[in-house]
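Observations on the three-dimensional arrangement
Each chain, letter by letter, is given below.
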Amino acid sequence: MQTHNYDVVIVGAGGAGMRAALESSARARTAVLSKLYPTRSHTGAAQGGMCAALANVEEDNWEWHTFDTVKGGDYLVDQDAAEVMAKEAIDAVLDLEKMGLPFNRTPEGRIDQRRFGGHTRNHGEAAVRRACYAADRTGHMILQTLYQQCVKNEVEFYNEFYVLDILLDSDLTAAEQPAAGAPVRVAGVVAYELATGEIHLFRATSVVLATGGAGKVFKTTSNAHTLTGDGMALALRAGLPLEDMEFFQFHPTGLAGLGILLSEAARGEGAILRNSEGERFMERYAPTIKDLAPRDIVARSMANEVREGRGCGPRKDYVLLDLTHLEPAHIEAKLPDITEFARTYLGIEPFTDPIPVYPTAHYAMGGVPTTIQAEVLRSNTDVVGGLFAAGEVACVSVHGSNRLGTNSLLDINVFGKRAGISAAAYAAEHEALELPEGPATRVVAELDRIRNAPDGEKVAELRQTLQETMDAHAQVFRTEESLTLALETVDDLRRRYRSIGVQDKGSTFNTDLLEAVELGFLLDLARVVVVGALARKESRGGHFREDFPKRDDDGFMYHTMAYARPAADGDTEITLDKKPVTVTRYQPMERKY
Ligand SMILES: Cc1cc2nc3c(=O)[nH]c(=O)nc-3n(C[C@H](O)[C@H](O)[C@H](O)COP(=O)(O)OP(=O)(O)OC[C@H]3O[C@@H](n4cnc5c(N)ncnc54)[C@H](O)[C@@H]3O)c2cc1C
């Protein structure tokens, strides 16, 4: 078993991981571990844009941006974090521009900006042009630009290395926890090399989690196959809390039946949602900004149209995204990729025909809780020394209960950068710890168990049941009954998972084995999502309870902190705690658009 020594280890080579790596590698000996080749990370699939109040095309400022983010998140946003993000947005975009990112330009040569849902002028007066973009390939350009910079700066990458455990110097999985204020530190991580099946130990003073989202908990999702929430699940298994996991974003415009994303940029450029009567129904739900209302509101409105019988198609189970009134040349220039998706996957010509769309699971608002310096919390107040997180895996919380479009590419740049700086600073001030006894014992035992299970349960079967259950019972609309059903199924699947098996027993490129491991992560996270959703008896942002359709600030204006604690039967149980929301300047108000 090889042991590698670094000051900083970054887990994940998406936008957050590579932005962190650029800062950290300039200051400390840094390695980036990624289960994917870096440019295959999901950041590369992001389409529509990255926002910043540059005010290049119309009046705008960071305060309006902060307000929109807080209101968009249905007031569950930590407002100090949102302020940081909106202020640092401007430099985040300019940093990328200086690195060579080819943003679309105005005729005068400035970075062009377009409209996106929930981004408004003067606290909700009208939609504002705040999203910087490179056609509908903004994430692709960000990822390529960051990767080029990492190569130029000789960042060390370990590609196709799966991190399967986080090593701490204290056991946080026991019922008995270290006292408040007691120091707990990270010592390193355990990784599995896909090419050889070898286990590698990485000893590091600082570790940054940047492993992205967990959309594969659901069946209909815009997320890539690899988005299995690894960092979140590893944190949970290490005894750390997860924050606000019940809040999942369903993006309004997935291709119907497939979930493949059509960017909100389409509506930003003027596309309109229509029901079977041809009605622009968003006029009823959000009279001021209509189709550019935040995603939770648009997704719910669409689902409601379908429920009330105004859906389209033979099964009346989708609505239409209409671009036919836009100039083909304009669509070609601004939305080339997504229009091609409609042609390729649905055989629809968007110049002449409206596109069938329905909400698709898109973004995890929750994740590993952090401070605004990206330090990972082990309780409401204590951090884990040397452990940081940024990007979709983390919950700072800038998105509250519903993220605004283009705020994630921003989040990964702002907090990725902060994580890289914090991790290097911590490494400069501390010595690395020795690795704990038998550092890879847990990982090796788990892999052996899966590899050696005779006639084990099948990964594909369990995953399908999980995803179909979550789609049916924990999606846009939720009730006590549906969530209870979901929890029963997830619990049953977790039991069956104990005898999971794989056909491939080999050690080279054993993707079967890793998919089995990833399924374990998904099951653990689905349980946290559902337990949190059952406990939150109100509707807020992406979490809508039909049996409690109103937001309830008296009862539920707090972040959920979920922990996996030992249970009597030898398994774990999810226990929930509350964390106060940081309010600086905006008192919660009714959310009208
Ligand atoms: C189709 C689509 C379109 C989007 N469009 C936009 C948009 O226009 N604007 C916007 O703001 N947001 C958009 N988003 C959201 C945004 O792209 C993501 O939230 C963001 O890019 C996540 O970045 P990240 O760096 O946190 O994670 P990712 O880019 O997903 O990277 C995760 C990294 O972690 C690594 N990793 C994961 N698990 C492990 C493990 N166990 N061991 C080692 N490495 C691991 C992976 O290899 C990968 O390198 C979009 C998302 C999707 C799915």
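None of the values given here were measured: they were computed from a predicted structure.

Attention now moves to the site of the ligand. In the vicinity of the ligand there are 39 residues, among which Ser41, His42, Thr43, Glu392 and Leu409 approach most closely. Within the side chain of Glu392, an N or O atom sits 2.6 Å from an oxygen atom of the ligand. Summarising the interface, the protein chains cover 97% of the accessible area of the ligand, which totals 1000 Å² for the free molecule. Here the shell around the ligand is composed, by residue class, of 16 nonpolar, 19 polar and 4 charged.

Right, let's get into the sheet that holds strand β5 (residues 126-132). Strand order in the open sheet formed by 3 strands is β3-β5-β4, and the pairing between neighbours is antiparallel. The open sheet terminates on both sides in strands that have one partner only, identified here as β3 (50-51) and β4 (113-121). When β4 meets β5, the two strands line up antiparallel, connected through 5 bridges. The residue of β5 that forms the bridge with Arg115 is Arg129.

The next subject is the environment of Arg310. Following the sequence through the fold, Arg310 ends up in the loop between α8 (295-307) and β13 (319-322). By relative accessible area, which is 15% here, Arg310 ends up buried. Through-space distance from the C-alpha of Arg310 to that of Asn275 is 5.7 Å; in sequence the pair is 35 residues apart. With residues up to four places along the chain from it excluded, the contact list for Arg310 reads Asn275, Ser276, Glu277, Arg284, Tyr285 and Glu305. At 2.8 Å, the side chain of Arg310 forms a polar contact with the side chain of Glu308.

What follows concerns the sheet that holds strand β11 (residues 248-255). Read across the sheet, 4 strands follow the order β11-β14-β13-β12 without closing on themselves; strand pairing throughout is antiparallel. The two strands at the open ends of the sheet, each matched to only one other strand, are β11 and β12 (272-274). The average undirected angle you get between the axes of adjacent strands in this sheet is 45°. Of the pairings in the sheet, the one linking β12 to β13 comprises 3 bridges and is antiparallel in character. Looking across to β13, one finds that Leu273 is bridged to Leu321.

Take the domain arrangement of the protein chain next. Splitting the protein chain by domain gives domain 1 (256-358) and domain 2 (441-559). Look at where the C-alpha atoms of domain 1 and domain 2 centre, and you get two points 30 Å apart. Across the contact, 6 residues belong to domain 1 and 6 residues belong to domain 2. Between domain 1 and domain 2, the buried area comes to about 540 Å², and carbon and sulfur atoms account for 63% of it.

Turning our attention to the packing of aromatic side chains. Summed over the entire model, instances satisfying the criterion amount to 16 aromatic pairs. With centroids separated by 6.2 Å and ring planes inclined at 40°, the aromatic side chains of Phe248 and Phe250 adopt a geometry described as tilted. Of the two residues, Phe248 and Phe250, both sit in the buried class. An aromatic cluster of three or more residues is present, and its members are Tyr6, Tyr158, Phe161 and Phe202. Lying across the ring of Trp62, Lys87 places its NZ or CZ 4.6 Å from the centre. The positively charged end of Arg536 is found above the aromatic ring belonging to Tyr558, 5.3 Å away from the centroid.

Let us look at the side chain of Asn223. Topologically, Asn223 is positioned in the loop between β9 (199-209) and α5 (230-237). Since its relative accessible area comes to 6%, Asn223 is described here as buried. Side chain to side chain, Asn223 and Ser222 meet in a polar contact 3.3 Å long.

Working note: α-helix, 3.6 residues per turn, so residues spaced by three or four point in the same direction. Counted at 1.5 Å a residue, the expected span for α8 with its 13 residues is 18 Å, and the 18 Å between its end C-alpha atoms agrees. The buried count for α8 comes to 11 of 13 residues, which makes it a mostly enclosed element. Taken residue by residue, α8 has Arg295, Asp296, Ile297, Val298, Ala299, Arg300, Ser301, Met302, Ala303, Glu305 and Val306 as its buried positions. Of the residues trailing α8, Gly309 is marked for its positive phi of about 90°.

Moving on, we get to the pattern of salt bridges. Under the definition given, this model contains 54 salt bridges. In this structure, Arg27 and Glu23 form a salt bridge, with 2.9 Å as the shortest nitrogen-oxygen distance. Residue Arg27 is classed as partly exposed on the basis of its relative accessible area, which comes to 48%. Under the relative-accessibility criterion, Glu23 is labelled buried at 12%. Here Glu246 ties to Arg536 by a salt bridge, and the two come within 2.8 Å at their closest N and O atoms. Of this pair, Glu246 sits in the loop between β10 (242-243) and β11 while Arg536 sits in the loop between α15 (511-535) and α16 (553-556), placing them 290 residues apart in sequence. Across this residue pair, the class does not change: Glu246 and Arg536 are buried. A cluster of three or more residues bridged by salt bridges with shared partners is formed by Asp74, Glu246, Asp296, Arg300, Arg536, Glu538, Arg540, Arg551, Asp553 and Arg591.

Conventions and cut-offs
Residues numbered from 1 in each chain as written. Predicted model: local features only at pLDDT ≥ 70, side-chain atom pairs only at ≥ 80, totals over all residues. Heavy atoms only, no water. Near = heavy atom within 4 Å. Polar contact = N/O pair within 3.5 Å; in protein donor to acceptor, adjacent residues only side chain to side chain. Areas by Shrake-Rupley, 256 points an atom, 1.4 Å probe, with all protein chains shown as cover. Nonpolar A, V, L, I, M, F, W, Y, C, P; charged D, E, K, R; others polar. Pairing = 2+ DSSP bridges. Helix = DSSP H or I, 4+ residues; strand = E, 2+ residues; numbered from the N terminus. Buried < 20%, exposed > 50% of the residue type's maximum accessible area, 1.4 Å probe, protein only. Contact = heavy atoms within 4.5 Å. Axes fitted to C-alpha atoms, helices over the stretch in contact; angles between N-to-C directions. Domains from an automatic or database assignment. Buried area = accessible area lost by both parts, 1.4 Å probe. Phe/Tyr/Trp six-rings, centres within 6.5 Å; stacked < 30°, edge-to-face > 60°. Lys NZ or Arg CZ within 6 Å of the ring centre and 35° of its normal. Expected span 1.5 Å × (residues − 1). Salt bridge = Lys/Arg side-chain N within 4 Å of Asp/Glu carboxyl O.

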